[in-house]
Each structure stands twice: as C-alpha cells, then as structure tokens.
Amino acid sequence: MELKLTKPICFFDLETTGIDIGKDRIVEISIFKVFPNGNKESKTWLVNPTIPIPAQTTAVHGITDEKVANEPTFNELAAAVYNMIKDSDLAGFNSDRFDIPLLAEEMLRAGVDFDMKNRVSVDVQTIFHKKEERTLSAALKFYCGQNLENAHSAEADTMATYEILKAQLERYPDLENDVKLLSDFSTRKKNADFAGMISFDADGDEVFSFGKHKGVKVDTVLEKEPGYFSWIQNADFPLYTKKVLTAIKLRKLNTKN
C-alpha cells in the first residue's frame, strides 16, 4: 500500500530538551519526504539547542550536551528545514499536539514565517488511538509485525511512523488513501493556534480556550478589553499563538476600514 499523493508529504519527528512547547528546544530532527511519483528523500540533523539538556530527557533519547555541542543551532538549520517541508503536507506521531507546535516555535524564533495555511497534517498517533489505543512501539508491532529498534531516535521513530500509516491503510478499508481525509480523521479538535489557546466555536469564530475569557469570542474581547491583546503579546505565550492573535486583530481592523 503506497500513499496516494497530490503533493509531497513529510513525515518528521523531533527529539527535544523537554515537552514545554514554548520553552524547550529541538536536539534532533528527522524528515522523510515522500513525493507523488514515489520518490523519497530523508535527512536527519542533530541540533545544538543552546540550552542544557536535562538528565531525565537524555535518559529517554540518549542525546547529551556533549553530543550536540559542535552541531549547528536551529537558527542555522531553519532555512534548510523549511526548504525541505515548504511544499509539503506534514505527518508524524503525536505531531499535531507536540512536534508541529514546537517546530513552529523554533521556526518563528529563527525568523521563518511558518504556518499551516496551505498544507494539512496527518497525526498517525490519533488514527492509532482511535483504532487501537497503543504506543508507537506497540503500533509498529501490531500493524507491521516489527520490533522498534532504537526507540526515541528521531530517524527510527520517523521511519516507523511512515510504515505504520501505510499498514493502517491496508488494515482499515474505511480509511481513505487521501492525505486531506486522513488529516480530517486524525484531527482531535480544530484550533486556530497550535497550543490550543484559541479554538473555534459552533459558529466557526475564534474563541479563547483559557483564562477569564474562556469561551468568549476573540473579537469581542479585543473590542471590550484591548489591553488583553497587549498582555498576551508581552507575556510568556507561544509565538504562534501571538501570531494568530495579531492576524485576528488586523482582520478586525481591516473590516472596520
């Protein structure tokens, strides 16, 4: 079973300093790109995160401060990473909730205007959890009959995710071999930002998903309490959330003109 593609799709996985999307950094990124004509290319980079890697995190993926001390920073790699994924949809394992949001933060910190406007994402973990409720290692064993060697190596996890998605298409006749439909199926909840701080209500309007204005339309808050926008912009919120909020504010201003 090969994927039916109308544009390239990049399977990717990150190893990081931790799980805080706003503060943690990438220490390894692996991308496996599949083209509509069946061609494939892959690239893996070790990354100097410029901050210490906690010992408990090293215990998971095996990457130490010493191992990445002489590797390029993400700022130095951002252009190469972006060039590889810029024309592609994205796929990963838990990618909608972690890898894509953290990648977006790193891209924005590096001055790359990353967004998902012209692409979709397929979260293979969500498909797996909706169907079987297991981990990545168990998914590879269940779908492909293989043991996951070098778990928590970005390259091994990336390749496993690619093989699992193909096997899921073989196993479930109701899953369409179409990236857009797979994206729809693997989306847990539609948010305006990656961190889930701005979501959509039943009318399709953006609403805040946290704090004192939880459930209130963003436009309403910006109109009645303009200082709330400045507070978010100056506080420790994810850069992509700030970008989305700015876009909503500009749209509102343009509507008035």
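Above this note sits the structure.
Small disclaimer: the values here were computed from a predicted structure and weren't measured.

Colleague: Help me get a handle on the pairing of strand E2 (residues 26–34), residues and values and all.
Modeller: Of all the nine residues making up E2, nine are buried; the element is thus mostly covered by neighbouring parts of the structure. Relative to strand E3 (residues 40–46), E2 runs antiparallel, the two being bridged by seven bridges. By the bridge assignment, Glu28 is partnered in E3 with Leu46.

Colleague: For the nonpolar core, give the residues involved together with the corresponding values.
Modeller: The biggest cluster of nonpolar side chains holds 41 residues, and the ones touching the most others in it are Ile29, Ile31, Val81, Leu103, Met107, Phe114 and Phe208. Among the secondary structure elements, those contributing two or more residues to this core are strand E1 (9–16), E2, helix H3 (74–85), helix H4 (95–109), helix H9 (218–224), helix H10 (227–234) and helix H11 (239–256).

Colleague: I'd like a rundown of the packing of helix H5 (residues 124–131) against helix H7 (residues 154–171), residues and numbers included.
Modeller: Relative to each other, H5 and H7 sit at 45°, their axes nearing to 10 Å. Comparing the axis directions of H5 and H7 gives the class oblique. Read as a crossing pair, H5 and H7 show a hand that is left-handed. Between H5 and H7, the residues in contact are Val124, Ile127 and Phe128 and Thr161, Ile164, Leu165 and Gln168, respectively. Residue classes in the contact of H5 with H7 are distributed as five nonpolar, two polar and no charged.

Colleague: Tell me about the pattern of salt bridges, residues and numbers included.
Modeller: One pass over the structure, following the stated rule, counts 16 salt bridges. Residue Asp89 is joined to Lys7 by a salt bridge in which the shortest nitrogen-to-oxygen separation is 3.7 Å. Of the two residues, Asp89 is situated in strand E4 (residues 89–92) and Lys7 in the segment before E1; the sequence distance between them amounts to 82 residues. Overall, Asp89 belongs to the buried group, its relative accessible area being 7%. Given a relative accessible area of 23%, Lys7 falls into the partly exposed group. The salt bridge involving Asp236 is made with Lys23; its shortest N-O contact spans 3.7 Å. With Asp236 in the loop between H10 and H11 and Lys23 in the loop between E1 and E2, this residue pair connects regions lying 213 residues apart in the sequence. On the basis of relative accessible area, Asp236 is assigned to the exposed category, the value being 60%. When salt bridges with common partners are traced through the structure, they connect Asp201, Asp203, Asp205 and Lys217 into a single cluster.

Colleague: I'd like a description of the sheet that holds strand E5 (residues 121–123), backed by residues and values.
Modeller: The sheet built from five strands is open, its strands ordered E3-E2-E1-E4-E5 with mixed pairing. Every other strand in the sheet has two partners, leaving E3 and E5 as the edge strands with one partner each. Sheet twist, expressed as the average angle between the axes of neighbouring strands with direction ignored, equals 20°. By the bridge criterion, three bridges tie E1 to E4 in an arrangement that is parallel. Bridge pairing links Cys10 to Leu90 in E4. Its contacts with the sheet place H4 against E1, E2, E4 and E5, and it is angled at close to 80° to E1. Strand contacts of helix H8 (residues 179–186): E1, E4 and E5, with the helix running at about 50° to E5, the strand carrying the most contacts.

Definitions and cut-offs
Residues numbered from 1 in each chain as written. Predicted model: local features only at pLDDT ≥ 70, side-chain atom pairs only at ≥ 80, totals over all residues. Heavy atoms only, no water. Buried < 20%, exposed > 50% of the residue type's maximum accessible area, 1.4 Å probe, protein only. Helix = DSSP H or I, 4+ residues; strand = E, 2+ residues; numbered from the N terminus. Pairing = 2+ DSSP bridges. Core = buried A, V, L, I, M, F, W, Y, C linked by side-chain atoms within 4.5 Å. Axes fitted to C-alpha atoms, helices over the stretch in contact; angles between N-to-C directions. Parallel < 35°, antiparallel > 145°, perpendicular 65-115°, else oblique. Left-handed = near helix turned anticlockwise from the far one by under 90°. Contact = heavy atoms within 4.5 Å. Nonpolar A, V, L, I, M, F, W, Y, C, P; charged D, E, K, R; others polar. Salt bridge = Lys/Arg side-chain N within 4 Å of Asp/Glu carboxyl O.

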